[in-house]
Amino acid sequence: MKVNTRGEIVLTQMEISPFCDKVRRVLHYKGLNYSTREVKVAEISFLKRHAPTGKVPILDYGERRIWDSTDICLALEDLHPMPALIPSDKRARADVMLIEDWADETLYFFEMTMRFAWPDDRARWSLELAKRDLPAVRMLAPFLVPRLTRKIVDFQGLGRKSRAHVLRDLNRLLDSLTVRVADTGYCVGHTITLADISVAAQIHCINGSTEGAAAINARPDLAAWKKRIDDATMPQARHAPHDTVVDPR
Ligand SMILES: N[C@@H](CCC(=O)N[C@@H](CS)C(=O)NCC(=O)O)C(=O)O
């Protein structure tokens with residue numbers, strides 16, 4: 001994986017990762033052109049060569065390489081302040097950054113547990129994750145991906161809770177989020193911010209699980225907010241095949 005020298009923006013990603021979705025939404029909302037490099041499941045262990053965390057998203061912005069979705073979004077905000085995604089008001093900015101972190105560090109484990117660890121949808125999502133891999137990896141993915149995910153969510157803690165307990169936690173959080181967005185239509189203030197984008201990216205993944213979709217659709221104000229944020233921030237191109245698929249080794 002070479003750092004590009006032509007001032008281009010290249011996102012190294014796994015398409016169905018919520019953190020990559022978050023960065024795509026910010027790029028799209030700011031009207032920036034970019035291309036993507038898709039990382040296959042078999043390549044994940046090589047990612048440490050390209051970013052110290054060994055995780056995606058990684059953004060090459062010209063010759064500068066940035067990793068971690070939060071740092072990427074903050075850098076994009078600095079480089080392309082308009083349209084703004086972080087309010088200038090100190091308190092509103094603090095709210096945005098706290099909610100962004102809540103989405104990344106709390107909601108993420110719900111989507112991991114519900115999409116990849118629970119039996120309802122794990123085979124489908126494991127296959128989706130491995131859809132660009134060799135047939136042998138695709139065959140193993142429905143067994144290996146849920147096992148690896150289970151290790152992560154068990155270690156974090158959510159995976160040790162019963163299904164009923166996880167759903168109770170999720171419903172309580174979705175109730176709070178619904179109250180938060182019903183008021184002005186946004187997480188913070190009267191416009192889209194990085195808080196909406198970060199939460200929407202995780203909610204979109206939770207919505208990809210059977211139980212998650214039921215919980216979200218049971219809350220019309222939340223479903224309406226999701227649609228509003230998705231409409232404003234999701235690139236249409238994400239549904240099209242990726243034009244650049246580069247081996248990151
Ligand atoms: N805090 C990081 C989280 C990124 C993350 O967890 N990415 C996952 C995909 S959703 C990943 O790359 N996992 C590969 C691994 O952990 O080896 C961010 O915001 O970018």
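How each quantity is defined
- Residues numbered from 1 in each chain as written.
- Predicted model: local features only at pLDDT ≥ 70, side-chain atom pairs only at ≥ 80, totals over all residues.
- Heavy atoms only, no water.
- Helix = DSSP H or I, 4+ residues; strand = E, 2+ residues; numbered from the N terminus.
- Rg over C-alpha atoms; globule rule 2.2 N^0.38 Å.
- Buried < 20%, exposed > 50% of the residue type's maximum accessible area, 1.4 Å probe, protein only.
- Contact = heavy atoms within 4.5 Å.
- Lys, Arg positive; Asp, Glu negative; His and termini not counted.
- Charge placed at Lys NZ, Arg CZ, Asp CG, Glu CD.
- Near = heavy atom within 4 Å.
- Polar contact = N/O pair within 3.5 Å; in protein donor to acceptor, adjacent residues only side chain to side chain.
- Nonpolar A, V, L, I, M, F, W, Y, C, P; charged D, E, K, R; others polar.
- Pairing = 2+ DSSP bridges.
- Right-handed = clockwise from strand over helix to strand, strands pointing away.
- Salt bridge = Lys/Arg side-chain N within 4 Å of Asp/Glu carboxyl O.

### A closer look at the overall build of the protein chain
Helix and strand content of the protein chain: 9 helices and 4 strands. Listing every helix and strand of the protein chain by position from the N terminus yields β-α-β-β-β-α-α-α-α-α-α-α-α. The C-alpha atoms of the protein chain give 18 Å as radius of gyration, which agrees with the globular expectation for 249 residues (18 Å, within 12%). Projected onto the principal axes, the alpha-carbon positions of the protein chain cover approximately 45 × 45 × 30 Å. Counting over 249 residues, the protein chain shows a buried share of 50%. Restricting to contacts in the protein chain with at least 6 residues of sequence separation, those with at least 24 account for 72%. Both charge centroids of the protein chain, one from 37 positive and one from 33 negative side chains, sit 5 Å from each other.

### Describing the site of the ligand
Around the ligand lies a shell formed by Ser17, Phe19, Ile44, Gly54, Lys55, Val56, Pro57, Asp68, Ser69, Asp104 and Tyr108. Here Asp68 contributes a side-chain N or O atom positioned 3.2 Å from a nitrogen atom of the ligand. Residue composition of the shell around the ligand, by class: 5 nonpolar, 3 polar and 3 charged.

### Quick look at the side chain of Arg65
With respect to the helices and strands, Arg65 occurs in strand β4 (residues 64–67). A distance of 3.5 Å separates a polar side-chain atom of Arg65 from the backbone oxygen of His50. A distance of 2.7 Å separates the side chain of Arg65 from the side chain of Asp60, its partner in a polar contact.

### So, the pairing of strand β2 (residues 35–38)
Of the pairings in the sheet, the one linking strand β1 (residues 9–13) to β2 comprises 4 bridges and is parallel in character. Of the residues in β2, the one forming a bridge with Thr12 is Arg37. Read from β1 through helix α1 (residues 18–29) to β2, the crossover connection turns out right-handed.

### Describing the pattern of salt bridges
Scanning the model with the defined rule gives 24 salt bridges in all. For Lys22, the salt bridge goes to Asp104, with nearest N and O atoms at 2.8 Å. With Lys22 in helix α1 and Asp104 in helix α3 (residues 90–117), this pair connects stretches of sequence that are 82 residues apart. For Asp104, a relative accessible area of 3% puts it in the buried group.

### Here's the deal with the side chain of Asp169
Here Asp169 lies in helix α6 (residues 163–184). Separated by 2.7 Å, the side chains of Asp169 and Lys161 make a polar contact. The contact partners of Asp169, leaving out residues within four places of it in the chain, are Phe110, Leu158 and Lys161.

### Regarding unusual backbone geometry
Cis peptide bonds are those with omega within 30 degrees of zero, and the linkage from Val56 to Pro57 qualifies with 10°. For Pro57, the location among the structural elements is in the loop between β2 and β3 (58–61). For the bond running from Met82 to Pro83, omega is -5°, close enough to zero to count as cis. Mapped onto the elements of the fold, Pro83 is located in the loop between α2 (69–79) and α3. Residue Asp68 is not a glycine yet carries a positive backbone phi of 85°. Within the secondary structure, Asp68 is located in the loop between β4 and α2.

Keep in mind that these numbers describe shape and distance, not what the molecule does.
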